[in-house]
Structures are given as structure tokens and as C-alpha cells.
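Chain by chain, the residues:
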Amino acid sequence: MISKLRIAAVGTVCALLSGSVAVAGKLEPVALRCEYRANPLGVDETQPRLTWRVESDARGAKQSAYQILVASSPESLKRNTGDLWDSGQTTSSDTVNIAYAGKPLASRQQCFWKVCVWDADGNAQWSGPASWTMGLLKWEDWSARYISFRDSTPVWKDTQKLFLPAARQYRKAFTADKRIQRATIYSTALGIYELYLNGQRIGDARFEPGWSDYHQRAYYWTHDVTSLVRRGDNALGAWVADGWYSGYIGFGLLTGIGTEKIGRYTYGKTPALMAQLEIEYADGSRETIVTDRSWKVTGDGPIREGDFLMGEFYDARKEMNGWASAGFDDSPWEPAILAGENGSVPATFYEYANPRSGDKVEIQGRPVDLGFKRPAKLEAFPGLPVRAIEEIKPIAITSPTNGVYIFNLGQNFAGVVRLKVKGPAGTTIQLRYGEMLHPDGRLMTENLRKARAIDHYVLRGDKDGEEWTARFTFHGFQYVELTGFPGQPGKDAITGIVLHSDTPLTSGFECSDPVANRLFKNVVWTQRANFLDLPTDCPQRDERFGWTGDAQIYVRAATYNADVAAFYTKWIRELMESQRPSGTFPGYAPYPFQHGWDFGTAWCDAGVICPWTIWQAYGDTRIIERCWPNMVKFLDWRRATSRDFLGVNYGNDWGDWLSFGGKTPLDYIDTCYFALSSRLMAEMARATGKHAEATVYRELFSNIKAAFNQKYVKPDGSLAVDTQTAYALALYVDLIPAGLRARTGKMLADKLRSGETADNSGMTTGFLGTRPLLPVLSDVGEHDLAVRHFQSRKFPSWGYEVEQGATTIWERWNSYTKEKGFGGEQNASMNSFAHYSFGAVCEWMFFRLAGIDSTAPGYREIIIRPSPPSPDSNPAREPINWVKAHYDSVRGRIESNWTLKQGRFELTTVIPANTTATVYVPAKDSADVTENGKPLAKGAGVDFLRMEGGRAVFRVASGRYRFASQSRP
Ligand code: BGC
């Protein structure tokens, strides 16, 4: 389809235009990305993919061709010499994920690139320049060694007391005696770390290098430090803490699993650091400073404890000024050792094992060596850094008891605080964190379980005051309790610092119902609170795991709210790597230890659903290719465990987790998910040219559907399993024969309707059933009911939660109630206030209510199908009558703003350049529809296609359109 024409003159045509200012109507290439990131450093894809967006304010703007130039220097690029790659003028409308196809790229290569695009009339426009650099592609590129401190502590075995070692500081002084051209540092750790050069922090990421299964794979990071290295004396410094490698993680301590049943030392006992600073001098010579035995280390610095779950203890009296600068006296520090020199550390690792017979899972111990092991693979970090994204000021301070002050930040989130204080040296302030308060004003921490979530700060006694922010922990909280503060704190004593992976936010949603607007904010805040290096279930208690069920439920909504392509690229590697020997995927990834069975239905299917969704949202077929062997193995496992194409009824019994009322049997759910995974496999096979496999998986889906129908579907369209979730899932997965679909759908609607009472919404679905509920209702002709339910304030519903004061999405619909507080049905220890699963409704808000959807991966073909509910469809409140929404897709911003007032429907929609859209306008007849105030026949770029289900359907090219229809059917 893509034809490549090398036209000699092209470079010149584009060159003449280079640097020209965009002209109205012009097609302009912007937002250049390499592997989804702007100007990334240290890429290790040998054919990195390049993406840009084209923008134009003209209707129907299209890219007819592009030319990519990749040069080894900015000067060559300026001269339009693509000495690494010149794609030539390529006839194509592609703008997303175009794989580099130039000269082989070596380690450290600098690549400068730009793209020229041609519009339909042959006008050309260059982008501005962008760049990427290659990382260290081979082990041999590393001369650095993993280093550690001499660790003589015995393996901790006490499950009653915590073991929280000090974070270590490492340093190395060096001299750079010539003019510096470029300096780059490559680094990684078993543990988490921060680097400093001449006293300056390198980069601004938190928790480098991210969580992976450190035995199998570790990530390294690349930073450009050219501006930090000086001619003359220099020093490198590093802070290293336990992090995910050897600190407390998940519910290990709570459930008595992991190393010695204490839930820490999961991957090894002693953190280790590896860094390699490469200096290129102006004279062409090079020098490399690497971690080795010449480094010094101390554990006598201010961070006495630094642990994700437990918190940080910072004694400012122990600060060592200038420790990461030249000239510091490090003679009291110890020499660092090579990590392996700590020797082997025998211990016992406990985790569950699948039953050999029956269904009893039991904890079993096995010997492990906690000594240093070099990760099998070292790869460039492909995700996005966790950063401080936003600051929040307290809205109130209360004092439940003397000397105890609670700061209310007004918003539940994940992060840390900046403490500002003035007082005598040695004063110790304790900071505790909670998401809620008890009715008597005390901090509620019961739901944190074994996550201590307490920080301490000991003042150094600076007469000008002092400030502190924790480095190696984070908390999920809205409230911060200070004890021991010298005097009475003002509001400026605490500032909330919001931390999350820096996934650019991409959505906006407002409508006529203020409760829905708050709900939207809550969804986005919950996503932000849980997208911290990996998609976690919750940020506060002792879990913070990449729960796969939650991930597959929410991933589609996530793609609306942020550009999560790089973020999931990283996590999906962990997901693939966590695949069990049997072929199934586990309940969470990374998978540090087995809890219960090593799979649960619907959780395991994340291994197919997540890659599929990333492909859909970003047009990414490479993720399919990369995951394909694992996904095939998973489907093989599914086939091998299934009998007669039906699902299994064993494994972790999470099922429709947190549902109310009747239970949906595991094997029913498993049959639905078996079918869903098969269907998605068929689609992915087709998209990647695996035609034979596409047929195999399509047939598999048909066989499962047939078996499902035989076992569960009755002739009248009712189902043998009588729960809302059973109906919602079957319809969602397309297991109901076409002829029965409407009837089955109506039965689901009737269930919801008939369950409604004065104080109950009638909804009984849990994690698995809630996600498809509204999409399916809207789809089967019950959209009014879907919207009515969406706007409900009755328990259980989204509105109910908002009316109870939620600022994030709760794990349970009744995590807290104004009447009963935390007391009542729910279990305080399983009661997170920031769990994104029920926020999956957000996808329906976008694709159905606002009507922003797509029929081709990567939003090449857009659907605009706003769906206003009938004006008289809700006796309790005004049905939503306007929506204003946008989504920044990989091809540009899509807008859908509609109003329905007194029978007049108006829609303003924006379709990005280089795409087309099918627009559905509610109308009795196409003649009722105007565009930009004119009858349609005259609307440029608008083609009427057909009437369909009370809507006039149009095909439009890119641009802004204002449709109106006089009446609504
Ligand atoms: C997590 C969930 C998860 C579940 C499995 C919980 O502890 O927080 O979100 O999916 O376990 O049922």
C-alpha cells in the first residue's frame, strides 16, 4: 500500500520551506515522538518507531506523503542530509509508529530527525527537529560493575518487628581535565536510587529504575549530564534504598509469604548500584567513570529508613553537606564492594503452590540464595518516569488531640509531602497518612493493614527553617497527621506533592450533571494515584500490586485519560514475563510470590486484553508481535484446560469480585473470558497477517459460543445463570445469538429496573460485571436506563459514592457512608479509597455518552456518536442534556460537544487532520440536519450516508463541524 518514490528534488522542495512559519490551511507535522516519547535518551530498540501528528485548520486536510530524515548531527539535519536514514518521499498517510529503516544503529548513536509532510495538493512542510539517542545495546558496553556496601546483617526473620535499614550514599570523585563535549550516564540498581553530580540531582525521576522481576530483567536509565560535568574536579553521588528489590512489598508480611515469611528481600538481600559515566572530550578522546571498588559508601546519612510501605525516617542532623561534590572528605566512609562479594545468603522463600490434587493451595518453603545475581537481561527503561506532577495546598487543619494536627489536602492522591518547619535541633516530627478521618476526627489507618505509612523527620535546627520531602517512599492519602511539631503549624507547613508516572493527560469531560463531573475527576485522580511505574490496584495499603484483573477492566478507560502507550509498553513486558510455566498469566505482574493459585479467571486474560487494547488505542502492532508467543501459549493453556470448549471452575475464586447478591459461577465467567480472549486473538492475528491463526481463533470463538449457548442460553433468550453480571458479560462478549440479543438485553435491563427500590439502585455487579453493564445496556436499546443508572445517587452507584464525598473511586461502593461511617458490611482492611476498577465506566462516558470512538486502530477512522438520553427518561432528575468532551488521540484532538435543549440537538465536533469520521446525528430525517447553519447538501466535506436507528449518518473529513437537527425522534 505504501509506495516509496525517491524524488531527487524533494529534499530541495522541502528544504526551501524548512523553518517557514505555518500558513493557514497548511498541513503541519508536530509532536514528534520516538517510541512514544519526546526526544528519548538511551533507546534500545534497533528499529525505533517514529510518530508525529499533522495539524491543519482546513477541512479535509490529508497527508499524501512523508519524508523522514535521520542524521547523525544537528548540522547534517539542518542541511537536509539524512546520513543515517532518508526515507525518501513516501506516498502514505501514515503518521504513527513508522519503524526506522536506515543504517544499523550502534550503542550511543545520536539521532536527529525531522519529517516533511505533503498535503493532498503537494504542498510540503517540514517539522522542527527532534532527536533520540541509542542506549547500551550489549553487555560488553558496560564496564561498570554492580557495587554494594558490606552487608553483615543477618537475614531478618521476625514477623512482629520491622527491619528497616538506612538508605546508602555512594560517592566517587574524579577529574575531567579537558573541554567536555558530551557526557552521558547510564545507571541501574537492584533497589531504587537517585544520582547526583557535583551536588546537583541528575534528572527528576523518582524510583529509578522501576519494578521488574530483577532476576529476569532490570532496566537502566540514560541521562545527559553534559551541563553538570565540569572541567577539573567532579564528584558523583548516589542514594540507594531497598525499593521493590529488597524492601517490604505487597501483602507478604500480612499473609506470611515471601522470604522468611516477612514480605521483604523478595529478589535479594542487599541493594546494589551500577552506573557508567561516559565523557566525550572536545578533542575526540573519551573517559569512562564506572561503579567499582574505588567508590565509597556510607550508611550513616540522614535516611535512617526508606521503605515504600513503611515510610521514611529522616534525621537532618546527619546530613553531610557537599557529600556529592568534589572536595568532600569521605575518609570515614567505607570502600564499596562488588555486589557479589557479599557472598551467598541462604534463606527460605515461602509462597503458595497450586494443589497437586483436590483444590487446596498451601504455603510451601524452598531454599533460595539472596546473594547478588546479575539480572539475566539489562534493558533500556521503555516507560515514563515517575515525577512530582503537581502540588496541593491544605484546605484545613484540625487538632483532634493536643499536639496532634491533621492537614486536609482536599483530594485523595498518591505522593509525598513537603514539610516546612523551624525549631530546635533534635525535635522529631511524626507524619502519618490516611485517606479518611474517623467521625471523631482521628486519622483512619485501619485500611492500610501492614503498610505502616509513617515518616519521621528530625530537625537539624536551622535558624532559617528547614524543608524536607521523602525520597524513597510514597503514600496514598488525603490527610497528614503531624505529631511533635514545634509550636502550632500554619497551612504552609505541609504541601502535598502528587507523584505518578508522567503519562500526559489526554481527556476532558463535562456535562449537565455536576455529580458526573465530579465522578470524572475522581476517575482521573484514581488513575493518577495508581499509575506509579505500573498500574496498581491501590496506592495506600500493603498491596500496590499490578493486579491483572483490575488492569484489564480499566485499561480502555486509561487510554482515554492519558497517553499510556509507553507506560503499558513497560508493564506489559512484566506481564508477559510473569507468565506461569503452565502458560497462564497470574493475578498480578510483576509476580514476586504466589498467593493462592497462580491464576484466576478474567485476571489471567489481561495477558491478551491489555496488548489488544494498546493496539486499538495506538495502532501498535509491534506489541502484538512481541506478546504473540506468550499469548499463543496462554490460549494453548486455555484450550488444554477447557473441556468441551467450556471454562474451568477452579483457580482463584475472585470471580465477579465485590458483587452483591447472587454469585456468578466461576466456570460461567471463565467461558465468557475464554471466548473473549479467543476473539481478540483472531483480531490481532488478522491485523498482523497471521491469517491461518486468525481462522483458528475465530473457529475457537465459534466453538466456545456454541458450547456456551448449549449450556447457558435458553430459547427465550434468558440465561441459566441469573445474575446481572452473567447477562452483561454474555452480551458484551457477543455470545448471544443475534436473534435473541435484544430480548436478552431487555431481560438484563428488567433485572436492573426491578431491583431498584427507594434506597437501592438495583445494581448487583462487581468488578467484572460493572464494566460491561452500561456499554451493553446502551447497545441493546436501553440507553435511557443506562444513563438513568449512571446518574443515580442511590446505593450502589457512582453518584452515591460522589455524594458521600469521594474524591477518588473507591474499592467498594460502600467503603464509607455518611450514615454508618466505615462501620457496617465492609471490612476495614479491604477498603481502599483509590481503586480504579469501578472507574472503568469512564470508557462508556467517552465512547457512548460523548460518542468518541474509533473503528480502526489508532483512531484513523473515527466515530462520533453522541448519545443523549430521552429528555423525559428520568423521573428523579434531569437527564444529561449536554456533554463537552475531548480526547487527544495519537492522531490529534477529537472533540464532541453536544446539547439537547427543547428538542433541538446541536453537535460541535472536531476531527483531527488526516483522519475521517462517521458522525451520527440524532434526527428524524437527514433533511432536518444542518451543518454550520446551512442545509447539508451545501456542507463542504460532509456526505450523507444513511439513516440508522433514529440517526442521520454522515461521513466527514477532518475539521470542525457544527451540526444541528431540529427535532429528535
Ligand atoms: C486487590 C484487587 C484485586 C483482588 C483480587 C485485592 O486485594 O486490591 O483489586 O483484583 O485482590 O481479588
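Along each chain, the written sequence defines residue order, and numbers are assigned to residues from 1. Two thresholds apply to this predicted model, a pLDDT of at least 70 for residue-level local features and 80 or more for giving and counting side-chain atom pairs, whereas whole-chain, interface and lining totals are computed over all residues. Each side-chain value is worked out from all heavy atoms of the structure, with water and hydrogens disregarded.

Draft legend 1. Fine view of the confidence of the model for the chain. Per-residue confidence from the prediction method is given by pLDDT, with values spanning 0 to 100. Residues at a pLDDT of 70 or more form 96% of the chain, whose mean pLDDT is 95. What makes two residues a contact is simply this: any of their non-hydrogen atoms within 4.5 Å. The model gives residues 1-23 a pLDDT under 50, and that stretch makes 35 contacts with residues more than four places away or in other chains.

Draft legend 2. Focus on the pattern of salt bridges. We count a salt bridge whenever a side-chain nitrogen from Lys or Arg sits within 4 Å of a carboxyl oxygen from Asp or Glu. One pass over the full model with this rule turns up 70 salt bridges. Residues Asp779 and Arg848 are paired through a salt bridge, measuring 3.5 Å at the closest nitrogen-oxygen approach. A residue pair is termed long-range when its members are at least 10 positions apart, and Asp779 in helix α14 (residues 767-779) and Arg848 in helix α17 (residues 841-850) qualify at 69 residues. A run of H or I in DSSP counts as a helix once it spans at least four residues, and a run of E counts as a strand once it spans at least two, with each numbered from the N terminus.

Draft legend 3. Up close: the packing of helix α8 (residues 606-618) against helix α9 (residues 622-641). Think of each axis as a best-fit line through the C-alpha atoms, taken over the contacting stretch in the case of a helix, with angles from 0 to 180 degrees between the N-to-C directions. Where α8 meets α9, the closest approach of the two axes is 10 Å, and the angle between their N-to-C directions is 155°. Classified by the angle their axes make, α8 and α9 are roughly antiparallel. For the pair α8 and α9, the sense of crossing is left-handed. Contact residues: Gly607, Val608, Pro611, Ile614 and Trp615 in α8; Ile623, Ile624, Cys627, Met631, Phe634 and Leu635 in α9. When residues are sorted by character, Ala, Val, Leu, Ile, Met, Phe, Trp, Tyr, Cys and Pro go into the nonpolar class, Asp, Glu, Lys and Arg into the charged class, and all the rest, Gly among them, into the polar class. Among the residues forming the contact of α8 with α9, the class breakdown is 10 nonpolar, one polar and no charged. Any angle that is under 35 degrees is reported as roughly parallel, and any over 145 degrees as roughly antiparallel; angles of 65 to 115 degrees are reported as roughly perpendicular and all others as oblique. Throughout, a crossing is termed right-handed when the near helix is turned clockwise from the far one, and left-handed when it is turned anticlockwise from it by less than a right angle.

Draft legend 4. Representation of the site of the ligand within the structure. Around the ligand, the neighbouring residues are Asp537, Arg541, Glu543, Trp547, Asp550, Trp603, Trp654, Trp657, Phe767, Glu811, Met830 and His835. In protein, a polar contact means a hydrogen-donor-capable atom and an acceptor-capable atom, both N or O and within 3.5 Å, with residues adjacent in sequence counting only if both atoms are side-chain atoms; elsewhere, any N or O pair within 3.5 Å suffices. One nitrogen or oxygen atom from the side chain of His835 is found 2.9 Å from an oxygen atom belonging to the ligand. Computed with the Shrake-Rupley method and a 1.4 Å probe, the accessible areas treat only the protein chains shown as cover for residues. When the ligand is considered free in solution it has 310 Å² of accessible area, and contact with the protein chains removes 96% of it. The class makeup of the residues in the shell around the ligand is six nonpolar, one polar and five charged. We call a residue near a molecule or strand when any one of its heavy atoms sits within 4 Å of it.

Draft legend 5. Focus on the sheet that holds strand β42 (residues 852-854). Two strands are said to pair when DSSP picks up at least two bridges between them. One open sheet accounts for five strands, arranged β42-β43-β47-β51-β50; its pairing is mixed. Only two strands of the sheet have a single partner each, and these edge strands are β42 and β50 (942-948). Neighbour-to-neighbour, the strand axes of this sheet turn through a mean angle of 25°, independent of strand direction. Alignment of strand β47 (residues 916-922) against strand β51 (residues 951-956), held across six bridges, turns out to be antiparallel. If you follow Val921 over to β51, its bridge partner there is Ala952.

Draft legend 6. Highlighting the packing of aromatic side chains. Paired rings are identified among Phe, Tyr and Trp, the last through its six-membered ring, by centres lying within 6.5 Å, and are further divided according to the angle between planes into stacked (under 30 degrees), edge-to-face (over 60) and tilted (the rest). Under the counting rule described, the total for this entry stands at 76 aromatic pairs. Pairing Trp239 with Trp323 gives two aromatic rings, centres 5.8 Å apart and planes at 70°, and the pair type is edge-to-face. Of this pair, Trp239 sits in strand β17 (residues 232-241) while Trp323 sits in the loop between β23 (311-315) and β24 (334-335); the two residues are 84 residues apart in sequence, bridging distant segments of the chain. For Trp239, a relative accessible area of 2% gives the class buried. Charge over a ring is defined by NZ of Lys or CZ of Arg lying within 6 Å of the ring centre and within 35 degrees of the ring normal. Positioned above the aromatic ring of Trp126, the side-chain terminus of Lys114 is 4.6 Å from the ring centre. Only protein chains enter the calculation, and the probe is 1.4 Å; a residue is then buried if its accessible area is under 20% of its type maximum, exposed if over 50%, and partly exposed in between.

Draft legend 7. A look at the sheet that holds strand β15 (residues 200-201). Spatial strand order, β15-β14-β17-β12-β21-β24: six strands in an open sheet with antiparallel pairing. Pairing within the sheet leaves two strands with one partner each, and these edge strands are β15 and β24. Looking at chain direction, strand β14 (residues 192-197) and β15 are connected through two bridges and run antiparallel. Of the residues in β15, the one forming a bridge with Tyr196 is Arg201.

Draft legend 8. Quick look at unusual backbone geometry. Here Ala589 and Pro590 are connected by a cis peptide whose omega angle stands at -10°. Relative to the elements of secondary structure, Pro590 occurs in the loop between α7 (565-577) and α8. Each neighbour pair has its own omega, and for Phe795 with Pro796 the value is -10°, a cis peptide bond. Looking at the secondary structure, you find Pro796 in the loop between α15 (783-790) and α16 (798-803). Positive phi outside glycine occurs at Tyr36, with the angle close to 70°. Within the secondary structure layout, Tyr36 lies in the loop between β2 (28-34) and β3 (49-55). A positive phi angle is found at Glu260, which is not glycine, with a value near 50°. For Glu260, the position within the fold is in the loop between β18 (258-259) and β19 (272-281). Given the relative accessible area of 10%, Glu260 is considered buried.

Draft legend 9. Inspection of the pairing of β19 at higher detail. Counting buried residues in β19 gives 10 out of 10 residues, a clear majority hidden from the surface. With burial as the criterion, each face of β19 is covered, one bearing Ala272, Met274, Gln276, Glu278 and Glu280 and the other bearing Leu273, Ala275, Leu277, Ile279 and Tyr281. Across 10 bridges, strand β13 (residues 180-190) lies against β19 in antiparallel orientation. Bridging from a neighbouring strand, Ser187 pairs with Ala275 of β19. Two elements, β19 and strand β20 (residues 286-290), share five bridges in a ladder whose sense is antiparallel. The partner of Glu280 across the bridge, within β20, is Arg286. Here β19 folds back onto β20, and the loop between the two strands holds four residues, one of which, Gly284, carries a positive phi near 95°.

Draft legend 10. View of the side chain of His500. With respect to the element layout, His500 can be found in strand β38 (residues 494-501). In terms of polar contacts, His500 uses its side chain to reach the side chain of Arg528, at 2.9 Å.

Draft legend 11. Summary view of the environment of Asn760. Mapped onto the elements, Asn760 comes out in the loop between α13 (738-755) and α14. Overall, Asn760 belongs to the partly exposed group, its relative accessible area being 24%. Those residues in contact with Asn760 that sit more than four places away from it in its chain are Gly755, Lys794, Phe795 and Pro796. Looking at Asn760, its side chain comes within polar contact range of the main-chain nitrogen of Gly762, at 2.7 Å.

Draft legend 12. Representation of helix α11 (residues 691-712) within the structure. Look at α11: 31 Å from first C-alpha to last across 22 residues, which is about the 32 Å you get at 1.5 Å a residue. Ala694, Tyr697, Leu700, Phe701, Ile704, Ala707, Phe708, Asn709 and Tyr712 are the residues of α11 that are buried. Contacts made by the buried residues of α11 are with α9, α10 (666-687) and α12 (724-733). The length a helix should cover is 1.5 Å for every residue beyond the first.

Draft legend 13. Structural context of the state of the cysteines. Disulfide assignment relies on a single distance test, namely cysteine sulfur atoms paired within 2.5 Å. All told, the structure shown has zero disulfides when counted by the stated rule. Of all cysteine sulfurs, the one in Cys842 lies closest to Cys511, which takes part in no disulfide; the gap is 11 Å. Judged by its relative accessible area of 2%, Cys511 is buried.

Draft legend 14. Highlighting the environment of Val115. Among the structural elements, Val115 can be located in strand β8 (residues 110-119). Sequence separation between Val115 and Gly60 is 55 residues; the distance between their C-alpha atoms is 21 Å. Once you skip the residues sitting within four places of it in the chain, Val115 turns out to touch Pro29, Leu32, Trp52, Tyr66, Gln67, Ile68, Gln125, Trp126 and Ser127.

Draft legend 15. The arrangement of the nonpolar core in detail. Ranked by internal contacts, the top residues of the largest apolar core, which has 243 residues, are Val480, Tyr568, Met684, Phe790, Trp844 and Phe963. Looking at this core element by element, the count peaks at 12 residues for α10. Sequence-distant contacts of Tyr568, that is, excluding residues within four places in its chain, are made with Phe531, Pro535, Val555, Ala558 and Ile614. Among buried residues, the Ala, Val, Leu, Ile, Met, Phe, Trp, Tyr and Cys ones that are joined through side-chain atoms within 4.5 Å form a nonpolar core. Core analysis: the second largest hydrophobic core is formed by 33 residues, Ile202, Val240, Ala275 and Phe381 among them.

Draft legend 16. How the structure looks around α13. With 18 residues, α13 should cover 26 Å at 1.5 Å per step; its first-to-last C-alpha distance of 26 Å lies within 8% of that length. Residues of α13 that are buried include every one of Leu740, Arg741, Thr744, Gly745, Leu748, Ala749 and Leu752, and no others. On its buried side, α13 packs onto α12, α14 and α15.

Draft legend 17. Structural view of the packing of α9 against α11. Where α9 contacts α11, the two axes come as close as 13 Å, and the packing angle between them is 35°. Both α9 and α11 take part in a crossing whose hand is left-handed. Counted together, Trp628, Val632, Leu635 and Arg639 of α9 and Glu693, Val696, Tyr697 and Leu700 of α11 form the full contact between these two elements.

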